[in-house]
Amino acid sequence: MSTSQLPRINAFLSAFARRQAARTVDLPGGFAVYDDAFAHSHANNQVVIDAPVAPEALPALAEEALRQLPYRLVTVLDDEAGTACAEPMIRAGYTHSTYLVMLHAGPVPEAGAAETLDLDAMRIPLTRRWRGFLPAADEEVLRQLVDRRETRRRGADAVHFIGARTQDGEVASWADLYLDRATGTAQIEDLITSESHLRRGYADAVLATALRLAADEDCGTRFLIADAADWPRHWYERRGFAVVGHSHCFERG
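In this text the structure is predicted, and so the values were computed from the model without any measurement. (Residues numbered from 1 in each chain as written. Predicted model: local features only at pLDDT ≥ 70, side-chain atom pairs only at ≥ 80, totals over all residues. Heavy atoms only, no water.)

A. Structural view of the packing of aromatic side chains. This model, assessed by the stated rule, comprises six aromatic pairs. Summarising the aromatic geometry, the rings of Trp130 and Phe133 are spaced 5.7 Å apart at their centres and angled 80° between planes, so their arrangement reads as edge-to-face. Of this pair, Trp130 and Phe133 both sit in helix H4 (residues 119-133), three residues apart, which is roughly one turn of the helix. Measuring from centroid to centroid gives 5.9 Å for Tyr236 and Phe241, while their planes differ by 70°, and the two rings are edge-to-face. Of the two residues examined, Tyr236 and Phe241, each falls in the buried class. What links up through ring pairs into an aromatic cluster is the set Phe12, Phe16, Tyr178 and Phe223. The cationic tip of Arg18 hangs over the ring face of Phe31; the distance from NZ or CZ to the ring centre is 4.0 Å. (Phe/Tyr/Trp six-rings, centres within 6.5 Å; stacked < 30°, edge-to-face > 60°. Helix = DSSP H or I, 4+ residues; strand = E, 2+ residues; numbered from the N terminus. Buried < 20%, exposed > 50% of the residue type's maximum accessible area, 1.4 Å probe, protein only. Lys NZ or Arg CZ within 6 Å of the ring centre and 35° of its normal.)

B. The pairing of strand S4 (residues 72-76), seen in detail. Across the five residues that make up S4, a large majority, five, are buried. What you see with S4 is no split at all: Arg72, Val74 and Val76 on one side and Leu73 and Thr75 on the other are buried throughout. Of the pairings in the sheet, the one linking strand S3 (residues 46-49) to S4 comprises three bridges and is parallel in character. The residue of S4 that forms the bridge with Val47 is Val74. Running through helix H2 (residues 58-65), the crossover from S3 to the neighbouring parallel element S4 is right-handed. (Pairing = 2+ DSSP bridges. Right-handed = clockwise from strand over helix to strand, strands pointing away.)

Function-wise, these values are silent; they only describe arrangement.
Here you go:
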(Lines give C-alpha, C1' and ligand atoms only; values in the text may rest on other atoms or scores of the structure.)
Protein backbone atom coordinates (compact mmCIF):
# COMPACT_ATOMS: atom_id res chain seq x y z
CA MET A 1 0.00 0.00 0.00
CA SER A 2 1.14 3.53 -0.75
CA THR A 3 2.78 5.47 2.07
CA SER A 4 1.63 8.82 0.64
CA GLN A 5 -0.74 9.40 3.56
CA LEU A 6 1.94 8.84 6.20
CA PRO A 7 2.98 12.55 6.48
CA ARG A 8 -0.65 13.48 7.09
CA ILE A 9 -0.97 10.79 9.76
CA ASN A 10 2.22 11.85 11.53
CA ALA A 11 1.12 15.48 11.45
CA PHE A 12 -2.18 14.44 13.00
CA LEU A 13 -0.42 12.49 15.77
CA SER A 14 1.88 15.41 16.52
CA ALA A 15 -0.97 17.92 16.62
CA PHE A 16 -3.07 15.63 18.80
CA ALA A 17 -0.29 15.31 21.39
CA ARG A 18 0.13 19.09 21.51
CA ARG A 19 -3.58 19.84 21.76
CA GLN A 20 -4.23 17.22 24.43
CA ALA A 21 -1.41 18.44 26.68
CA ALA A 22 -1.93 20.78 29.61
CA ARG A 23 1.33 22.45 28.60
CA THR A 24 4.11 21.93 26.06
CA VAL A 25 7.76 22.89 25.73
CA ASP A 26 9.43 23.01 22.32
CA LEU A 27 12.66 21.02 22.00
CA PRO A 28 15.19 20.42 19.22
CA GLY A 29 13.43 17.96 16.91
CA GLY A 30 10.12 18.01 18.74
CA PHE A 31 8.45 18.93 22.01
CA ALA A 32 7.62 17.72 25.50
CA VAL A 33 4.05 17.40 26.79
CA TYR A 34 3.04 17.61 30.43
CA ASP A 35 -0.07 17.21 32.54
CA ASP A 36 0.47 17.41 36.29
CA ALA A 37 -3.08 16.23 36.94
CA PHE A 38 -2.15 12.86 35.42
CA ALA A 39 1.42 12.45 36.61
CA HIS A 40 1.11 8.65 36.52
CA SER A 41 0.21 8.66 32.82
CA HIS A 42 3.31 8.26 30.69
CA ALA A 43 1.41 9.21 27.53
CA ASN A 44 0.47 12.56 29.04
CA ASN A 45 4.05 13.32 30.12
CA GLN A 46 6.52 12.47 27.38
CA VAL A 47 8.83 13.71 24.64
CA VAL A 48 7.56 13.58 21.05
CA ILE A 49 10.08 13.78 18.21
CA ASP A 50 8.44 14.89 14.96
CA ALA A 51 11.38 16.52 13.13
CA PRO A 52 15.07 15.71 12.49
CA VAL A 53 17.04 15.14 15.68
CA ALA A 54 20.65 14.18 16.45
CA PRO A 55 20.37 10.56 17.68
CA GLU A 56 23.29 10.81 20.10
CA ALA A 57 21.76 13.93 21.66
CA LEU A 58 18.33 12.41 22.31
CA PRO A 59 19.07 10.67 25.67
CA ALA A 60 20.31 13.92 27.23
CA LEU A 61 17.44 15.85 25.66
CA ALA A 62 14.89 13.48 27.19
CA GLU A 63 16.67 13.51 30.54
CA GLU A 64 16.49 17.29 30.74
CA ALA A 65 12.87 17.50 29.58
CA LEU A 66 11.56 14.75 31.90
CA ARG A 67 13.93 15.12 34.86
CA GLN A 68 11.08 15.76 37.32
CA LEU A 69 9.44 12.38 36.54
CA PRO A 70 10.34 8.87 37.75
CA TYR A 71 9.92 7.49 34.22
CA ARG A 72 10.90 8.42 30.68
CA LEU A 73 8.86 8.00 27.50
CA VAL A 74 10.06 9.20 24.11
CA THR A 75 8.00 8.74 20.94
CA VAL A 76 9.72 9.17 17.57
CA LEU A 77 7.17 9.41 14.77
CA ASP A 78 9.52 8.99 11.80
CA ASP A 79 10.71 5.44 11.12
CA GLU A 80 14.16 6.37 9.86
CA ALA A 81 14.78 8.73 12.77
CA GLY A 82 13.51 6.19 15.30
CA THR A 83 15.75 3.48 13.91
CA ALA A 84 18.76 5.80 14.07
CA CYS A 85 17.96 6.71 17.68
CA ALA A 86 17.60 3.11 18.85
CA GLU A 87 21.25 2.36 19.60
CA PRO A 88 22.02 5.47 21.70
CA MET A 89 18.72 5.19 23.55
CA ILE A 90 19.28 1.52 24.38
CA ARG A 91 22.77 2.36 25.62
CA ALA A 92 21.13 4.92 27.91
CA GLY A 93 18.97 2.21 29.47
CA TYR A 94 15.80 2.53 27.41
CA THR A 95 13.69 -0.33 26.07
CA HIS A 96 12.74 0.03 22.41
CA SER A 97 9.35 -0.83 20.92
CA THR A 98 8.26 -0.54 17.30
CA TYR A 99 4.70 0.34 16.40
CA LEU A 100 2.85 -0.07 13.12
CA VAL A 101 0.88 2.66 11.44
CA MET A 102 -2.00 0.75 9.84
CA LEU A 103 -4.27 2.37 7.25
CA HIS A 104 -7.75 1.06 6.52
CA ALA A 105 -7.88 -0.05 2.91
CA GLY A 106 -10.89 -2.36 2.90
CA PRO A 107 -14.52 -1.48 2.25
CA VAL A 108 -16.20 0.53 5.00
CA PRO A 109 -18.61 -1.74 6.86
CA GLU A 110 -22.08 -0.83 7.92
CA ALA A 111 -22.21 0.50 11.46
CA GLY A 112 -21.97 -2.25 14.04
CA ALA A 113 -24.12 -2.63 17.13
CA ALA A 114 -22.09 -0.10 19.11
CA GLU A 115 -22.83 3.41 20.32
CA THR A 116 -21.12 6.59 21.46
CA LEU A 117 -20.70 6.77 25.24
CA ASP A 118 -19.58 9.20 27.90
CA LEU A 119 -16.66 8.42 30.17
CA ASP A 120 -18.90 7.52 33.12
CA ALA A 121 -20.39 4.62 31.18
CA MET A 122 -16.89 3.25 30.56
CA ARG A 123 -15.41 3.89 34.00
CA ILE A 124 -16.13 0.50 35.62
CA PRO A 125 -14.97 -1.73 32.73
CA LEU A 126 -11.96 0.54 32.10
CA THR A 127 -10.89 0.33 35.73
CA ARG A 128 -11.35 -3.44 35.77
CA ARG A 129 -9.30 -3.87 32.59
CA TRP A 130 -6.49 -1.62 33.84
CA ARG A 131 -6.41 -3.59 37.08
CA GLY A 132 -5.85 -6.69 34.97
CA PHE A 133 -3.03 -5.04 33.04
CA LEU A 134 -1.40 -3.55 36.18
CA PRO A 135 -2.29 -5.77 39.16
CA ALA A 136 0.21 -4.01 41.47
CA ALA A 137 -1.07 -0.48 40.71
CA ASP A 138 -2.78 1.44 43.50
CA GLU A 139 -6.19 3.08 43.22
CA GLU A 140 -4.79 6.53 42.39
CA VAL A 141 -2.83 5.18 39.44
CA LEU A 142 -5.91 3.39 38.13
CA ARG A 143 -8.04 6.51 38.59
CA GLN A 144 -5.62 8.62 36.58
CA LEU A 145 -5.37 6.05 33.79
CA VAL A 146 -9.16 6.09 33.47
CA ASP A 147 -9.80 9.82 33.96
CA ARG A 148 -7.02 10.90 31.57
CA ARG A 149 -9.27 9.75 28.73
CA GLU A 150 -11.33 12.90 29.17
CA THR A 151 -8.30 15.04 28.25
CA ARG A 152 -8.31 13.41 24.83
CA ARG A 153 -11.32 15.51 23.93
CA ARG A 154 -8.89 18.42 23.51
CA GLY A 155 -6.78 16.53 20.99
CA ALA A 156 -8.97 16.66 17.89
CA ASP A 157 -11.94 18.50 16.40
CA ALA A 158 -14.24 15.63 17.35
CA VAL A 159 -13.56 12.83 19.83
CA HIS A 160 -15.98 9.94 20.35
CA PHE A 161 -15.88 7.15 22.91
CA ILE A 162 -17.51 4.13 21.27
CA GLY A 163 -18.71 1.03 23.11
CA ALA A 164 -20.59 -2.19 22.48
CA ARG A 165 -22.91 -3.44 25.22
CA THR A 166 -24.07 -6.89 26.22
CA GLN A 167 -27.78 -7.70 26.36
CA ASP A 168 -27.63 -6.77 30.05
CA GLY A 169 -26.26 -3.32 29.22
CA GLU A 170 -22.66 -3.90 30.33
CA VAL A 171 -20.00 -2.21 28.18
CA ALA A 172 -18.05 -5.17 26.80
CA SER A 173 -15.70 -3.50 24.31
CA TRP A 174 -14.71 0.09 23.60
CA ALA A 175 -12.41 2.39 21.63
CA ASP A 176 -11.72 6.05 20.94
CA LEU A 177 -12.30 7.76 17.60
CA TYR A 178 -10.50 11.04 16.82
CA LEU A 179 -11.57 13.08 13.79
CA ASP A 180 -9.93 15.96 11.92
CA ARG A 181 -12.51 17.00 9.37
CA ALA A 182 -10.25 19.62 7.77
CA THR A 183 -7.74 17.01 6.60
CA GLY A 184 -10.14 14.06 6.41
CA THR A 185 -8.15 12.10 8.98
CA ALA A 186 -9.47 9.70 11.62
CA GLN A 187 -7.64 7.64 14.23
CA ILE A 188 -9.07 4.64 16.06
CA GLU A 189 -7.28 4.20 19.38
CA ASP A 190 -7.30 1.84 22.39
CA LEU A 191 -9.68 -0.83 21.12
CA ILE A 192 -10.09 -3.07 24.18
CA THR A 193 -12.50 -5.83 25.20
CA SER A 194 -13.24 -7.00 28.74
CA GLU A 195 -11.69 -10.40 29.37
CA SER A 196 -15.05 -11.98 30.15
CA HIS A 197 -16.42 -10.93 26.76
CA LEU A 198 -13.58 -11.86 24.41
CA ARG A 199 -14.26 -13.61 21.09
CA ARG A 200 -17.95 -12.72 21.00
CA GLY A 201 -17.90 -10.10 18.27
CA TYR A 202 -18.01 -6.99 20.47
CA ALA A 203 -14.69 -5.61 19.19
CA ASP A 204 -15.90 -6.09 15.61
CA ALA A 205 -19.00 -4.07 16.43
CA VAL A 206 -16.91 -1.24 17.89
CA LEU A 207 -14.47 -1.20 14.97
CA ALA A 208 -17.24 -1.26 12.36
CA THR A 209 -19.06 1.60 14.09
CA ALA A 210 -15.88 3.68 14.31
CA LEU A 211 -15.05 3.13 10.64
CA ARG A 212 -18.56 4.02 9.56
CA LEU A 213 -18.64 7.19 11.69
CA ALA A 214 -15.29 8.26 10.22
CA ALA A 215 -16.43 7.61 6.66
CA ASP A 216 -19.68 9.49 7.25
CA GLU A 217 -17.57 12.49 8.35
CA ASP A 218 -15.67 12.31 5.00
CA CYS A 219 -12.48 11.05 6.66
CA GLY A 220 -10.78 9.08 3.89
CA THR A 221 -7.60 8.53 5.92
CA ARG A 222 -8.61 6.07 8.63
CA PHE A 223 -5.77 4.60 10.67
CA LEU A 224 -4.70 3.04 13.93
CA ILE A 225 -1.46 2.24 15.74
CA ALA A 226 -0.61 -1.39 16.61
CA ASP A 227 2.28 -3.00 18.45
CA ALA A 228 4.52 -4.69 15.89
CA ALA A 229 5.22 -7.55 18.31
CA ASP A 230 1.65 -8.29 19.40
CA TRP A 231 -1.14 -10.39 17.88
CA PRO A 232 -3.81 -7.66 17.28
CA ARG A 233 -1.95 -6.48 14.19
CA HIS A 234 -3.07 -9.67 12.43
CA TRP A 235 -6.66 -9.19 13.62
CA TYR A 236 -6.62 -5.71 12.09
CA GLU A 237 -5.12 -6.99 8.85
CA ARG A 238 -8.02 -9.41 8.48
CA ARG A 239 -10.36 -6.42 8.78
CA GLY A 240 -8.84 -4.37 5.97
CA PHE A 241 -5.91 -2.56 7.61
CA ALA A 242 -2.44 -2.53 6.05
CA VAL A 243 0.91 -1.32 7.37
CA VAL A 244 2.05 1.98 5.82
CA GLY A 245 4.70 3.05 8.31
CA HIS A 246 6.40 2.61 11.66
CA SER A 247 6.93 4.72 14.76
CA HIS A 248 9.20 4.05 17.72
CA CYS A 249 8.84 4.33 21.49
CA PHE A 250 11.62 4.34 24.06
CA GLU A 251 10.79 3.77 27.74
CA ARG A 252 12.77 3.72 30.96
CA GLY A 253 11.73 3.50 34.59
